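Chain residues, written in single-letter form:
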Amino acid sequence: MLRKQAATAMAILAGVALVVWGAGDSVWPINVEPGESIQEAIDAAPEGGVVYLGEGCWVENLDVDKSLTLVGVAGNTTIQGAEEDVPVFRVSGPDDRTITVHLVGLTITGGVGWDGPGLFACGGAKVIVSDVCITGNEKYGIHLRGTSQAAIAHSTVLRNGSTGLHLSDDAAATVSHSAILENTGNGISAESTPRLVLVDSTIARNGQYGIYTRLSAQAVIVGSTMEGNKYGIVLTHSSRATVVRSTLRANEYGGVLLGDSVMLMLEGNGILQNGGYGVKVNMPPCTENAAIFAGYVAGAANDIPESGEAGGNRLGGWCPGDLAFLTSVDGGELDQREP
């Protein structure tokens, strides 16, 4: 089942590249220059329209409730929040239909307050983000809620005051060729029943965990790096993850931490130079508490050096010792689920 998730992830990623412009290519685009209102242009644009932004900084909070494309000049077009507890950029899909919003070449910054993330999507909204930098927001860089979806590519989520990318409810995100760096909280957090696909991306130097999942979240991680966080990956409750051909390196407390009844597949990864164990299950003798692990771990062909070996993890490659199969070619499983 977990291997099937990885194949599904690659299929999803392939679909992201197919951008359907819809009605936007049959209408004249709207050009907005500094001093003019982006929100007024959004309101005036037809369904599926295109709004071009010149170089400059706009101080306003934007609200989009229809399919639209906004194109700026990467590194030179900034949207900065003006109101407290309001998203800098809000995309809200109506209940009776799906809208698709494309964001290209923008910097989104200055979200203020607990409810003021840089980019917020809810309802049936789909957001396609390319060559965008989301930075300097007081709480989340990106918050996806409800059944919203996001495809984030060639973008950076940097130095936000809490989590870089937060998924809740039944939201879904595909992140590819992107970096989530130096956020005060987690790089990515997923709670409730969201789905995350992470491909060829870097999650590094965040103040807490690189990736944190809880409740029934699902994640597929391929060819990515989790480096310099507290933990690289933390899975809790009944969440599930597949991690393939990725690197978890130099995380302060350890590479992977598992608890509760999670399910994890690890294949072909490098887990090294972490400050604790490479892979640790929250159960005796690995922890002093009396936690009971009722989950499942499988994998093969991982490079998880022991303490004292080149690139070794400080406390050891894995705990408990039953996880030694993770480094073998044939692999194996640790199944603690109730029959």
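Placed above this text is the structure.
Residues numbered from 1 in each chain as written. Predicted model: local features only at pLDDT ≥ 70, side-chain atom pairs only at ≥ 80, totals over all residues. Heavy atoms only, no water.

**Observations concerning the overall build of the protein chain**
Summing up its helical and strand segments, the protein chain has two helices and 34 strands in all. The dimensions of the protein chain, computed from C-alpha atoms along their principal axes, are 65 × 30 × 30 Å. Within the protein chain, the proportion of its 339 residues that are buried is 55%. Taking contacts inside the protein chain between residues at least 6 apart in sequence as the whole, the part at least 24 apart equals 50%. By element, 50% of the accessible surface of the protein chain is carried by carbon and sulfur atoms, the whole surface being about 13700 Å². For the protein chain, the centre of its 19 positive side-chain charges and the centre of its 36 negative side-chain charges are spaced 6 Å apart. (Helix = DSSP H or I, 4+ residues; strand = E, 2+ residues; numbered from the N terminus. Buried < 20%, exposed > 50% of the residue type's maximum accessible area, 1.4 Å probe, protein only. Contact = heavy atoms within 4.5 Å. Areas by Shrake-Rupley, 256 points an atom, 1.4 Å probe, with all protein chains shown as cover. Lys, Arg positive; Asp, Glu negative; His and termini not counted. Charge placed at Lys NZ, Arg CZ, Asp CG, Glu CD.)

**Section: the environment of His143**
Its place among the elements puts His143 in strand β13 (residues 142-144). With 137 residues separating them along the chain, His143 and Lys280 place their C-alpha atoms 29 Å apart. The contacts of His143, once residues within four sequence positions are left out, are Pro117, Leu119, Phe120, Ala121, His166 and Ser168.

**Considering the state of the cysteines**
Per the counting criterion, the structure on display carries one disulfide. Across a sulfur-sulfur distance of 2.2 Å, Cys286 and Cys319 are joined as a disulfide pair. Between Cys286 and Cys319, the S-S dihedral sits near -95°, and the bridge is therefore left-handed. Taken as a pair, Cys286 in the loop between β31 (277-281) and β32 (296-300) and Cys319 in strand β33 (residues 316-319) lie far apart in primary sequence, 33 residues in all. Unpaired in terms of disulfides, Cys57 finds its nearest cysteine sulfur in Cys133, a separation of 13 Å. (Disulfide = S-S within 2.5 Å.)

**A look at the sheet that holds strand β6 (residues 77-80)**
The sheet built from ten strands is open, its strands ordered β3-β6-β9-β12-β15-β18-β21-β24-β27-β30 with parallel pairing. Looking at strand neighbours, the two that pair on one side only are β3 (56-59) and β30 (270-272), the edges of this open sheet. Recorded for the sheet is a direction-independent mean angle of 10° between the axes of neighbouring strands. Of the strand pairs in this sheet, strand β15 (residues 156-158) and strand β18 (residues 179-181) are connected by three bridges, and their pairing is parallel. The residue bridging Leu158 from the neighbouring strand is Leu181, located in β18. (Pairing = 2+ DSSP bridges. Axes fitted to C-alpha atoms, helices over the stretch in contact; angles between N-to-C directions.)

**What about the pairing of strand β25 (residues 231-235)?**
Burial of β25 is extensive: five of the five residues sit out of reach of the surface. Bridge count for strand β22 (residues 211-213) against β25 is three bridges, and the pairing is parallel. Across the sheet, Thr213 pairs through a bridge with Leu235, a residue of β25. Sheet topology places β25 next to strand β28 (residues 254-258); four bridges connect them, and they run parallel. Residue pairing in the sheet places Val234 in a bridge with Leu257 of β28.

**Considering the sheet that holds strand β19 (residues 188-190)**
In sheet architecture, strand pairing relies on hydrogen bonds along the backbone and comes in two forms, parallel and antiparallel. Reading across the sheet, the eleven strands line up as β4-β7-β10-β13-β16-β19-β22-β25-β28-β31-β33 and stay open at both edges, with parallel pairing between neighbours. Two strands bound the open sheet, and with one partner strand each, they are β4 (62-64) and β33. Taken pair by pair, the neighbouring strands of this sheet meet at an average axis angle of 10°, ignoring direction.

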